[in-house]
Amino acid sequence: MASQYITFMMIFTLGLSLVILTNSMFLTLSEEFRDNLANLEMREILEFLQSQIQQSLQLCDSGNITINQYINLPSLLGQGLRYSIEITNVSNNEIQLHGFTTKYEVNRIQSFMINSKFNLIVANTAFQSVNEILILSIGKIGLDLNIQIT
């Protein structure tokens, strides 16, 4: 009787260990998949914003102008991660987009050059995914350029 009880407990413990091991394995795979998906989505968003900025700058050749674009973005990346996007100007004609999730599961920087015909470029704002609509605002006064995302 005692040997049957011991055998039963050993088999039960082994089965429970396998269930826990399998569950943790699938959780790890699920988190890796989510992070990879979020990284891919962030790259696509930053590339899209870069192309929108570059296209808008082509319209800034004549006179003083302000261009506002309303862009729908997902509120979550990788099926559940909130994120932020910051824009800064590294030098007078290099712009940097920095996208990252709250706990830095995804942390991506994308830099690009713009036409050097501007005297002053100001870009120093941020967007948080609590809002689903990003406003890209480009204002040109003379040879000064102001790029904002909110």
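Read on for an overview of the structure. In this text the structure is predicted, and so the values were computed from the model without any measurement.

Parameters and conventions
- Residues numbered from 1 in each chain as written.
- Predicted model: local features only at pLDDT ≥ 70, side-chain atom pairs only at ≥ 80, totals over all residues.
- Heavy atoms only, no water.
- Pairing = 2+ DSSP bridges.
- Helix = DSSP H or I, 4+ residues; strand = E, 2+ residues; numbered from the N terminus.
- Axes fitted to C-alpha atoms, helices over the stretch in contact; angles between N-to-C directions.
- Phe/Tyr/Trp six-rings, centres within 6.5 Å; stacked < 30°, edge-to-face > 60°.
- Buried < 20%, exposed > 50% of the residue type's maximum accessible area, 1.4 Å probe, protein only.

Here's the deal with the sheet that holds strand E1 (residues 65-72)
(1) Moving on: With mixed pairing, 7 strands are arranged side by side in an open sheet as E1-E6-E7-E5-E2-E3-E4. Of all the strands in the sheet, just E1 and strand E4 (107-113) have a single pairing partner and so form its edges. With direction set aside, neighbouring strand axes in the sheet form an average angle of 10 degrees.
(2) Moving on: Bridge count for strand E3 (residues 94-101) against E4 is 7 bridges, and the pairing is antiparallel. When the bridges of E4 are listed, Ile 95 appears paired with Phe 112.

Overview of the packing of aromatic side chains
(1) Moving on: If you walk through the whole model with that rule in mind, you get 1 aromatic pair.
(2) Moving on: When the ring of Tyr 83 is compared with that of Phe 127, the centres are 6.3 Å apart and the planes differ by 55 degrees; the resulting orientation is tilted. Placement of Tyr 83 in strand E2 (residues 83-91) and of Phe 127 in strand E5 (residues 120-128) is noted, with a sequence separation of 44 residues between them. The same class applies to Tyr 83 as to Phe 127, namely buried.

Brief notes about the pairing of strand E7 (residues 144-149)
(1) Moving on: With burial as the criterion, only one face of E7 is covered, namely that bearing Leu 145, Ile 147 and Ile 149; the residues Asp 144, Asn 146 and Gln 148 on the opposite face remain uncovered.
(2) Moving on: Sheet topology places E5 next to E7; 4 bridges connect them, and they run parallel. Looking at E7, one finds that Ala 123 is bridged to Ile 147.
(3) Moving on: Linking two consecutive strands that pair antiparallel, namely strand E6 (residues 133-141) and E7, is a turn of 2 residues; a positive phi of about 60 degrees is found at Gly 142 within it.

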